[in-house]
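# Breakdown of the fold
Chain by chain, the residues run as shown.
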Amino acid sequence: MGSLPEPEIHFSNKTPLGIRFIQHVKRSKLSFRSHQAFVLIVTFFAYTCYHAARKTTSVVKSALDPQSSPEVGLNIMPWKALNLESSPGNSSSPILGNGWAPFNGVDGTELLGDLDVAFLAVYAVGMYFSGHLGDRMNLRIFLTIGMLGTGLFTSLFGVGYWLKIHSFYYFLVFQMLAGLLQSTGWPSVVAVVGNWFGKSKRGLIMGIWNAHTSIGNISGSLIASSLLSYGWGWSFVVPGLIIAFVGLVVFLFLPVSPESVRAEQEDDILDSPRKNGEEIREPFLRSDSDDVDKAVGFIEAWKIPGVAPFALCLFFAKLVAYTFLYWLPFYISHTAIDGKYLSSGAAGNLSTIFDIGGVLGGVLAGHISDRLNARAITAASFMYGAIPALYLYRSYGHVSLGMNIMLMFITGMFVNGPYALITTAVSADLGTHSSLKGSSRALATVTAIIDGTGSVGAAIGPLLTGYISATSWNNVFTMLMGAALVAGLLLTRLVMAEVASKIEESRLHTRSQVAGELDV
């Protein structure tokens, strides 16, 4: 008895070439669950590469500017500075040699701060445009362009090492171009994930998925630190090549939405919109209707309830987080821990503890907000918790290496928890708000508004740190604690609304129980 002919599979023009190849080979479609898992994995590695490329600058700072006195603003056993590692033939710097002009001069710290603010300022501005374009373009193509461009300009920054370029403007231009291309990443990956997942357990799923931020920081630190001994240029070129390669993987394999691969939802699928009854209230699949597919405007997106307070909260939350991202290795290498100073590479490796704590913080914040169904309460609580964590790390982090690791881990958990929650689950929630009347083309715009506003704070924090740290690191930590306080206070109105809602739910539940007992 002859076998039945296998059904022919048809694909839309937007189907990635890699997906077409795999599915033609298998002659069968992947399940909806498999597509969801595949999307999470690809977008996870994509944004991990973005952060890995972004992290290298903070690790290389001490190699570019070793002349900055470790005693500046620290007042912690300054005489111990003579025990630092030294490079052969160099008497001017006890840390990493002569550095790299123009960053090894008296204004080297300020110049490095200027690079940070240039990168982040362009990144913040580019974020708003990226969200606007992301809702109107094929996200796979848009993300690929961003990753290839980021890889190119990150690598060109490092090429200055072999070309022996000492012009500040060379490095400034390529930092700004890298920042512009980096802005394509976040709105794109959040929108793609939002296309595949409904609201149920979104906080937990995106909290785990958002570990790519910390994993990227960790991998970027480890890669950059391990390559410093071969020349600081490699610390930029290798991450640049990696993100370019993953960009090609995205182009070949990433399905941006269920329609692009004709994936059909299953009744028992994890977190599917059908299972959770979200087809009408929060549709993630694009409709054929022109009204539903109409992209939301920039001003209209700002008017969505909750967007403005969460965006402003993220401004201060990212100010704190990115100050650590760009300055923590530098701070560690210039702070005596148990009377000893660490090398630049060791400081870069140690700084990864902050990001490990951030992974746990993001997962906890997402899980707690899901259980409580209270995003604002969770985010505000974490921001308030960051204040004593920052104080303890500054005051007691130098006592011993073990104390530094423990306090850094706790600080990372409280600082990155709300940052991760707001940029993922909160952005996805607001991007599918009921006021949008079913529009599915607001995710990238809302994500860009929230993260773009946060990125302005991310630019200001490292810039201020570059100047304030020259006088006192105590003042830097005071600034960070103040920013964490303001971030929490900005959510006060939303917190009160959530508390009132919980009280009302409790009353209704009590009344229903009493009514049931009377009926019995």
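Residues numbered from 1 in each chain as written. Predicted model: local features only at pLDDT ≥ 70, side-chain atom pairs only at ≥ 80, totals over all residues. Heavy atoms only, no water.

## A short note on the pattern of salt bridges
Pairing between side chains of opposite charge can happen when the charged atoms of each approach one another. What counts here: Salt bridge, as used here: a side-chain nitrogen of Lys or Arg that lies within 4 Å of a carboxyl oxygen of Asp or Glu. Only DSSP runs of H or I covering at least 4 residues are called helices, and only runs of E covering at least 2 are called strands; the numbering of each starts at the N terminus. Note on exposure labels: buried denotes an accessible area under 20% of the residue type's maximum, exposed denotes more than 50%, and partly exposed covers the range between, all computed with a 1.4 Å probe on protein chains only.
The tally for this structure, following the rule as stated, stands at 3 salt bridges. For the salt bridge of Lys318 with Asp451, the shortest nitrogen-to-oxygen distance reads 3.0 Å. Within this pair, whereas Lys318 is found in helix H12 (residues 307-333), its partner Asp451 is found in helix H17 (residues 443-468), the two being separated by 133 residues in sequence. Residues Lys318 and Asp451 agree in their burial class; the two are buried. With a shortest N-O distance of 3.0 Å, Arg375 and Asp370 are connected by a salt bridge. Its relative accessible area of 11% is what places Arg375 among the buried residues.

## Focus on the side chain of Thr144
Defined as follows: Contacts: residue pairs with any heavy atoms within 4.5 Å of one another.
Mapping Thr144 onto the fold places it in helix H4 (residues 139-159). Once residues lying within four places of it in the same chain are set aside, the contact partners of Thr144 are Gly247, Val250 and Phe251.

## Looking at the environment of Gly160
By the element assignment, Gly160 lies in the loop between H4 and helix H5 (168-182). Assessed through its relative accessible area of 0%, Gly160 is described here as buried. Spatially, the C-alpha atom of Gly160 lies 9.8 Å from that of Trp232, the residues being 72 residues apart in sequence. Excluding anything up to four places from it in sequence, Gly160 contacts Trp100, Ile165, Tyr170, Phe171 and Trp232.

## Concerning the packing of aromatic side chains
As a reminder, the rule being used: Between rings of Phe, Tyr and Trp, where Trp is taken as its six-membered ring, a pair exists when centres lie within 6.5 Å; planes separated by under 30 degrees are stacked, by over 60 edge-to-face, and by other angles tilted. Counted as over-ring charges are cases with an Arg CZ or a Lys NZ within 6 Å of the ring centre that also lie within 35 degrees of the ring normal.
Considering all chains together, one arrives at 33 aromatic pairs under this definition. When the centroid spacing of 6.2 Å and the interplanar angle of 50° are considered together, the rings of Tyr331 and Tyr393 count as tilted. Within this pair, whereas Tyr331 is found in helix H12, its partner Tyr393 is found in helix H15 (residues 375-396), the two being separated by 62 residues in sequence. Judged by relative accessible area, which is 1%, Tyr393 ranks as buried. Taking the ring centre of Trp327 as reference, the NZ or CZ of Lys61 above it sits at 3.6 Å. Here the guanidinium or amino end of Arg140 rests over the ring plane of Phe251, the centre of that ring lying 5.2 Å away.

## Focus: the environment of Thr335
Quick note on the threshold: The term polar contact refers here to a pair of N or O atoms within 3.5 Å; inside protein, the definition further demands a hydrogen-donor-capable atom paired with an acceptor-capable atom, and it admits residues adjacent in sequence only when both atoms are side-chain atoms.
Tracing the sequence through the fold places Thr335 in the loop between H12 and helix H13 (344-350). Placed 63 residues apart in sequence, Thr335 and His398 show a C-alpha to C-alpha distance of 7.1 Å. Polar side-chain contacts of Thr335 include one of 2.6 Å to the backbone oxygen of Tyr331.

## Things to note about unusual backbone geometry
With an omega of 10°, the peptide bond between Ala101 and Pro102 qualifies as cis. For Pro102, the position within the fold is in the loop between helix H2 (32-64) and helix H3 (108-134). One non-glycine residue, Asp338, lies in positive phi territory at about 55°. With respect to the helices and strands, Asp338 occurs in the loop between H12 and H13. Not every positive phi belongs to a glycine, and Asn373 is a case in point at roughly 55°. Note on placement: Asn373 falls in the loop between helix H14 (352-372) and H15.

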